[in-house]
Amino acid sequence: MAEEKKEPWLNQLALTTVILAVCATLSTFKGGGYSTRGVISQAQASDQWAYYQSKSVKANLYEMQRDKLALELETLPDNTPDSTRQRYQALVADYSKKLQRYTQERNDLQNKARELEQKRDEAQRHSQPFGIAVIFLQIAILISSIAGLFKRRALWLAALPLGVLGLTYFADGFFLFL
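As the structure is a prediction and not an experimental result, all values here were calculated from the model.

A. Inspection of the environment of G163 at higher detail. Its location among the elements puts G163 in helix α3 (residues 153–175). For the pair G163 and Q118, spaced 45 residues apart in the sequence, the C-alpha separation amounts to 32 Å. Residues contacting G163, with those up to four places away along its chain left out, are L20, L137 and A140.

B. Geometry of the pattern of salt bridges. Enumeration according to the criterion identifies seven salt bridges in this entry. Notably, a salt bridge pairs R66 with D67, separated by 3.1 Å at the nearest N-O pair. When its relative accessible area of 19% is taken as the criterion, R66 is described as buried. The class for D67 is partly exposed, based on a relative accessible area of 39%. Taking the shortest distance from any N to any O, the salt bridge between R120 and D121 comes out at 2.9 Å. Residues participating in the shared-partner salt-bridge network are K55, R101 and E105.

Scoring rules and cut-offs
Residues numbered from 1 in each chain as written. Predicted model: local features only at pLDDT ≥ 70, side-chain atom pairs only at ≥ 80, totals over all residues. Heavy atoms only, no water. Helix = DSSP H or I, 4+ residues; strand = E, 2+ residues; numbered from the N terminus. Contact = heavy atoms within 4.5 Å. Salt bridge = Lys/Arg side-chain N within 4 Å of Asp/Glu carboxyl O. Buried < 20%, exposed > 50% of the residue type's maximum accessible area, 1.4 Å probe, protein only.

Spelled out as C-alpha cells, the structure:
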C-alpha cells in the first residue's frame, strides 16, 4: 500500500496544538493557584474582621463601664471617704487604659484585614485572565484537532487567532497589561 503523503502544514498544526495545550495547562494551574490564594485571603480577612468586631464589643463594654463609674464618682456624696473616691478613680483610669488598648488593637486588626483584602483582590485580578485564557486555548485546541482530523488547513488557520487571544490572556495573567 502506498504511504499517504503528509502535508507540511500538519507538522505546524501539531506544534501549535502542543504549545496551546501546554499554555492551557499552565493557565489552569496558575489560575487555580491565584483563585486558592484569593479564597484563603478572604477567609483570613473575614477572621480579622470578626476579631475586630469582638474587640469593638469589648471596648464598648469598657467604655460604658468607665462612663458609669465616672458618673458615679461625680455624684458621690461629699462625706464619701477618700479611699472610695481613689478606688473609683483607679477603676476609671484602668478602664480608660483598657479602652485605649482595645482601640489600638482594633486599628491593627483593621489594617491587617485590609491588607488581606488587597491580597485577595490582587489574586482575583491575576486569576481572571488565566480563566479566560483557558477558554480560548481550549477552543483553539479543539478546532485545531478537528482541522488535523479532517486535514482542513482553513480550520487550523481559523483556530490560530483564538489561540493568539488565549496566549494574550495567558500573558496578561502574569503581567496584567489588559
